[in-house]
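Here are the chains, one letter per residue:
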Amino acid sequence: MNASSTPFPPLVIPRSEHSISRAAISPNALKVLYRLKDAGYQGFLVGGAVRDLLLGITPKDFDVATNALPEEVRRLFRNCRLIGRRFRLAHVHFGHEIIEVATFRAAAAPEREDAEDVESDSVNEGGVTDRAAEPDIPEFTAPNDSEHRAFDERGRILRDNIYGTIEEDVWRRDFAANGLYYNIDDFSIWDFVDGVSDVRAHRLKLIGDPETRYREDPVRMLRAVRFAAKLDFSIAPETEAPISKLAFLLDGVPPARLFDETLKLFLSGFGAKSYRLLKQYGLFEHLFPLSAAAFALPPYAYAEDMLVRGLVNTDERIAADKPVTPTFLFAVLLWSAVLRELNERQAGPAPDLALLMQACDTVLRAQQSRVAIPRRFAIPMRELLMLQPRFNRRSGVKSLSLLQHPRFRAAYDFLLLRAQAGVADPELAKWWTDIQLIPQEERVALVQARPADAVAEGEGAAAPGRRRRRRRRGGAART
C-alpha cells in the first residue's frame, strides 16, 4: 500500500451501508462542517473520530479536514484561532470544546500528532502539556521551494504548510483505521486504504511500508501500542514485525514529545495493558532505561509488580471518573531506579533523607534525556518519595505533622501500594489508615502512648557484607 502521485479513487461507502449517525457527532463539529460546505469548501470528519463512531465509541475529539486554507477558515468563524508555526491549524472554539480544522496536506507533511509546536504551554484534558511556542528564529526560505516552507539556519524545518488534496492527505496518516473521511455532503465514508475493513476486524495496519513509516517517525511505534491497548485491537503481522528491531529509534525522539506520549499511554485508562505491550516489544526500556534495568535485578524486581498494581489502580480511578496525576505515575515508574541509586550511596538500616534526595535528583536528571518530566511534576514526585521514611515514625506528637503535609495523600497512597506489593508492613499501612479516621485528641493520646519506633529495614537491601564494607569506608546508612 503506497502513496501514488496520481489520484487514487476512494471506496465510497454510502450512508445506508455504515453505522455513523449525525446524532452521535458533536453539534459543534456539525456546525463547522456545514459552514464549510455552505461556503463552497469540502468538509470531512476525519481520523479517530470516524473510527470510534464506527466502533460505537463516543470520540474524545472531533477533527475536521478541508480544502479551505487556514486563513479562509478563520474568515468563516469569528471564534477561530490559528495555531502552530510549523504546521498551521485552525482551532474553532465553542466554550470548552475545540474543533480542530486542518487543511489537506501533501503526503510529505507529517500527521497532526507529529507536529512539534503549539503556541501555549497549558495543560489540556488528561494532563498532557501543549508544546511551548518555538523561539523567534530567523527564517530562510528554500530557493526552489514553495513560500509555505521555511527553514532555520541549521536546516530544521520551521514552517511546512505544504497543502494538497484529500488523495494526498490520506497518505500522511499513520494507520488505515485512522485514515477514514466522513463526508458531510452526503454522509458517506471515503476509504482510500481499506480502513473500514480494519476497523471491523479490530486490526491496526500501517499505511505504507511499516519500516519506512517507523523510521520517518519512531513515535508511531508508541501509537501502535496505544491504539492496540485502548481499542483492544490486534497489530497486523507486517506492522508488528519491525517494532522490536527499531525500538532503539525512540532514543532520538525529543524527550518533551515522549513525555506527552507517556501520559497518553499511562493516564488514559488502559495503562496496565500499555505497559505489557511496551515490554513485549522492547519499547519500555527506551523510555525508562533506569527502571527497566532495576526491574531485572532481584532486590528491585518487586517494583515491577508495584508498577503494574499502580497502573491497574490508575485505570480503575479513570474508569470511575476520579482524578489522577502524573506525579504519582512517575513516582511509581521511577521508584526502583531511585532505590537502586540510593543503595549505591549508602548502607545500613537507618534512613538518610539527604541521600534519598540525592538519589531522586540523580535519577530525575538521567531520566530527562529520555522522557522529560516538567518541574511541576518532578518536584512533587520527589517530595512524595521523601515522605516514605516518615511513615515509620508513629511515636510522639511530631509524627502527626505528616498528616498536614500537602503531599500526604499521594504519599499515603504510595505507602498502600508498597504494602500491597509486600515490601511495606501491612500493619503500618493500616495504622496510617485508621489514624485518619479518629479525632485529634485520640490521635495525640495514641502516639504519646507508643514506645519509640525502631528503624525499619529498607527496600532493595544490599548484602550484609557489602553494608559492612561500606561502613568501614565511612558509608552512610541505607533507608
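Relevant structure appears above.
Residues numbered from 1 in each chain as written. Predicted model: local features only at pLDDT ≥ 70, side-chain atom pairs only at ≥ 80, totals over all residues. Heavy atoms only, no water.

Visitor: Mind laying out the overall build of the protein chain, listing which residues take part and the relevant values?
Guide: Along the protein chain, the regular secondary structure elements total 21 helices and 13 strands. In the protein chain, the share of contacts with a sequence separation of at least 24, taken over all contacts with a separation of at least 6, comes to 69%. Accessible surface computed for the protein chain: about 21,500 Å², of which carbon and sulfur atoms make up 52%. (Helix = DSSP H or I, 4+ residues; strand = E, 2+ residues; numbered from the N terminus. Contact = heavy atoms within 4.5 Å. Areas by Shrake-Rupley, 256 points an atom, 1.4 Å probe, with all protein chains shown as cover.)

Visitor: Lay out the packing of aromatic side chains with the relevant residues and their values.
Guide: Across all of its chains, the model carries 18 aromatic pairs by this definition. Taking the centre distance of 6.1 Å and the plane angle of 45° together, the rings of Phe391 and Phe408 count as tilted. In this pair, Phe391 sits in the loop between helix 17 (375-386) and helix 18 (408-420) while Phe408 sits in helix 18, placing the two residues 17 residues apart along the sequence. Across this residue pair, the class does not change: Phe391 and Phe408 are buried. Its end group placed over the ring of Phe187, Arg22 keeps NZ or CZ at 3.9 Å from the ring centre. Geometry around Phe227 places Arg226 over its ring, the cationic atom sitting 5.1 Å from the centre. (Phe/Tyr/Trp six-rings, centres within 6.5 Å; stacked < 30°, edge-to-face > 60°. Buried < 20%, exposed > 50% of the residue type's maximum accessible area, 1.4 Å probe, protein only. Lys NZ or Arg CZ within 6 Å of the ring centre and 35° of its normal.)

Visitor: I'd love a proper account of the pairing of strand 5 (residues 89-94), names of residues and values included.
Guide: The sheet contact formed by strand 4 (residues 80-83) and strand 5 spans four bridges and is antiparallel. Opposite Arg81, over in strand 5, you have His91 as the bridge partner. When strand 5 meets strand 6 (residues 97-103), the two strands line up antiparallel, connected through five bridges. Looking across to strand 6, one finds that His93 is bridged to Ile98. Connecting strand 5 to the next strand, strand 6, in antiparallel fashion are two residues, including Gly95 with a positive phi near 65°. (Pairing = 2+ DSSP bridges.)

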